[in-house]
Amino acid sequence: MSSRDAENCCATDEHAGVRGGWSKGKGPSFLAVVPMCLAEFLSFSILRAVVPGMQADAFGSQSYTVEGVTLAVQGVLAFFSCPIFGALSDAYGRRIFLGISAVGALLPVFAVISGQSMFVYQVFVAVSGAFKATLVVVFAYVADTTVGQGSAKRMQAFGVVLATLGFSLSIGPYIGGAAAKAYGNLAAFYMTAALGGLAAMYAFFVLPESRVRRRGAPASFLQLVAALRGGAAKPADPGAHPSFAPQQNDQPPARPPPPHDTSKAVTSSSSSSSLSSPSSLSSSPSTPLRSPSREARPCAAAAAGGFSVNPFRLLASVCSDLFLRRLMVIAFMYYVSYWALVSTIMLYLTQVFNFDVVERGRFLSMIGFCHVISELVLVRILTNWYSFTDRVLMQVGIFAWFVKMLLLAVAKDRTTLDIAALTSLVSGLFGPSLVSLASRAAEPKGKQGEVQGAIAAFRALAEGVGPLLIGFLFSISSGNDGYPYLVSSSIAAAAFFLSIQLPNLVLDKEKIDDERAPAAAVEDDIM
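The structure displayed is predicted, hence computed values, not measured ones. (Residues numbered from 1 in each chain as written. Predicted model: local features only at pLDDT ≥ 70, side-chain atom pairs only at ≥ 80, totals over all residues. Heavy atoms only, no water.)

Colleague: Please give an account of the nonpolar core that cites residues and values.
Modeller: In this structure, V33, L327, L349, F363, M394 and Y485 are the most contacted members of the largest nonpolar core, which totals 97 residues. Top element by residues in this core is helix α16 (residues 322–342). It accounts for 14 residues. In contact with F363, other than residues within four places in its own chain, are I345, M346, L349, F355, L417 and A421. Residues V51, V112, Y121 and A180 belong to the second largest nonpolar core, which totals 16 residues. (Core = buried A, V, L, I, M, F, W, Y, C linked by side-chain atoms within 4.5 Å. Buried < 20%, exposed > 50% of the residue type's maximum accessible area, 1.4 Å probe, protein only. Helix = DSSP H or I, 4+ residues; strand = E, 2+ residues; numbered from the N terminus. Contact = heavy atoms within 4.5 Å.)

If you want it as structure tokens, here you go:
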């Protein structure tokens with residue numbers, strides 16, 4: 001790449017608003033991805049009221065352990081796949097990877113439909129973690145289509161997308177339970193396969209693309225394999241994987257030496273003048289060229305760099321930012337507590353409170369409706385009318401989750417269970433606020449997929465750690481109480497106290513960004 005080409009690349013990126021994305025007011029709306037989310041989330045919420053009973057029949061008292069090991073393997077695979085899906089969607093666009101993720105999630109469903117045992121189903125659930133990246137790409141899609149609209153509008157958009165998950169949880173278990181009661185458990189799996197296939201077809205053929213394919217992304221399969229192995233795939237992208245930490249090129253140019261030696265200064269000046277002429281370049285090949293100016297260095301580095309989707313390199317790049325590193329720790333702790341509950345609550349309600357398939361569906365529906373109200377209505381009210389920031393709403397959501405886990409730990413009757421479910425009205429604020437904070441931090445670098453993939457990687461890791469932890473605690477307890485949930489509540493409390501430090505970290509980060517790279521800022525209202 002010539003210096004003129006590199007300069008043009010930088011100029012194109014500078015005027016694009018976000019590298020590879022759309023400018024404010026252009027491109028598709030975030031609402032375009034909502035039908036796909038609704039179909040995919042609804043497809044798997046249908047199974048939430050059916051699978052626990054099948055697991056209890058197949059594995060008996062070992063159900064907690066089997067589910068914990070399954071989700072642990074799934075989480076480890078997702079930990080590696082989420083950053084890869086995010087980085088690839090940054091390079092190639094969101095649509096194709098949404099479709100691949102939707103197809104991969106159907107693997108365990110096809111196993112049951114083909115007549116396999118529950119053991120085989122659990123194996124395929126674990127393997128499907130390699131494709132568990134729908135939310136990663138969806139969040140990046142929403143960030144692409146809300147550029148320049150402000151953090152409040154973006155958080156509301158994330159709330160709308162997450163509300164489809166809550167809505168699915170509110171009606172899916174009822175649908176699945178009714179279908180299983182009328183036609184057998186296999187009917188619920190057929191419905192899941194139909195809706196999941198519809199989501200994949202929509203992603204592949206209907207969903208408008210939100211991100212322009214990057215120049216420099218691997219153009220062949222061999223180049224992509226080289227990138228997956230951690231090598232560089234040429235030609236390089238002008239903005240390929242910059243570190244989120246302060247770079248050497250971001251530092252101000254070095255001051256000239258003091259003019260104490262006049263002869264050296266004269267020699268240096270004459271050398272510079274000789275280098276400026278083409279004839280001197282040809283006549284003095286051994287004379288070192290001057291380094292490019294500060295403005296040209298990013299493009300020059302880009303011309304020499306490479307595209308890589310090595311998950312460890314991607315995670316290291318994101319973790320180099322102090323704010324994002326703290327945010328990922330908070331997300332990990334919260335989701336350890338979250339998945340500890342999600343992986344066991346249906347079995348807990350079945351074995352301790354004798355809930356049948358319909359009652360389990362009712363309980364999940366209550367939680368789902370609370371999430372819909374929280375993410376679709378409450379977020380909009382609190383951000384528009386009362387100007388709550390995403391940092392404050394995240395802290396409120398974590399505290400409400402802490403209260404929920406305490407109530408479930410001491411619950412002795414169904415009234416306490418219902419009160420715990422109603423706390424989802426407030427704990428549902430955590431999801432939109434977390435994603436909003438991550439997208440704000442990623443905006444200046446134009447790496448929405450990479451950052452969302454890193455957050456999702458730690459969320460996936462928590463999806464493995466949480467079920468293993470709570471499964472072990474239930475296995476050593478009597479199994480007739482919810483005291484293991486006290487451990488989950490203590491983890492949520494730790495996440496809450498850590499989140500209190502975030503406002504200062506954000507202010508420090510903003511100050512560093514303002515001083516370090518003002519030209520990289522995309523929209524002033526994002527920060």
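After that view of the structure, there is still more to cover.
Colleague: Describe the packing of helix α18 (residues 357–384) against helix α20 (residues 414–422), listing the residues and the values that go with them.
Modeller: Two numbers describe how α18 lies on α20: the axes approach to 8 Å, and their chain directions differ by 30°. Compared by their axis directions, α18 and α20 come out roughly parallel. In this structure, α18 contributes E359, R362, F363, M366, I367 and C370 to the contact, and α20 contributes R414, L417, D418, A421 and L422. Grouping the amino acids of the contact of α18 with α20 by side-chain chemistry returns 7 nonpolar, no polar and 4 charged. (Axes fitted to C-alpha atoms, helices over the stretch in contact; angles between N-to-C directions. Parallel < 35°, antiparallel > 145°, perpendicular 65-115°, else oblique. Nonpolar A, V, L, I, M, F, W, Y, C, P; charged D, E, K, R; others polar.)

Colleague: Requested: an account of the packing of aromatic side chains, with residues and values cited.
Modeller: In total, this model carries 24 aromatic pairs according to the counting rule given. Residues F79 and F80 carry aromatic rings whose centres are separated by 5.3 Å and whose planes lie at 80° to one another, so their mutual orientation is edge-to-face. Overall, F79 belongs to the buried group, its relative accessible area being 12%. Consider the rings of F474 and Y485, whose centres lie 5.5 Å apart with planes at 80°: the pair is edge-to-face. Linking F474 in helix α23 (residues 448–476) with Y485 in helix α24 (residues 484–499), this pair joins segments that are 11 residues apart in sequence. On the basis of relative accessible area, F474 is assigned to the buried category, the value being 3%. (Phe/Tyr/Trp six-rings, centres within 6.5 Å; stacked < 30°, edge-to-face > 60°.)

Colleague: Kindly report on the packing of helix α9 (residues 151–183) against helix α22 (residues 430–442), identifying the contributing residues and their values.
Modeller: Axes are the key here: two packed helices are described by the angle between their axes and the distance separating the axes. Packing of α9 against α22 brings their axes to within 9 Å, and their N-to-C directions diverge by 130°. In terms of axis orientation, α9 runs oblique to α22. With respect to the hand of their crossing, α9 and α22 are arranged in right-handed fashion. Counted together, S151, R154, M155, F158, G159 and L162 of α9 and G431, P432, S433, V435, S436, S439 and R440 of α22 form the full contact between these two elements. Taken together, the residues that form the contact of α9 with α22 break down as 5 nonpolar, 6 polar and 2 charged. (Left-handed = near helix turned anticlockwise from the far one by under 90°.)

By themselves, these figures tell us nothing about what the structure is for.
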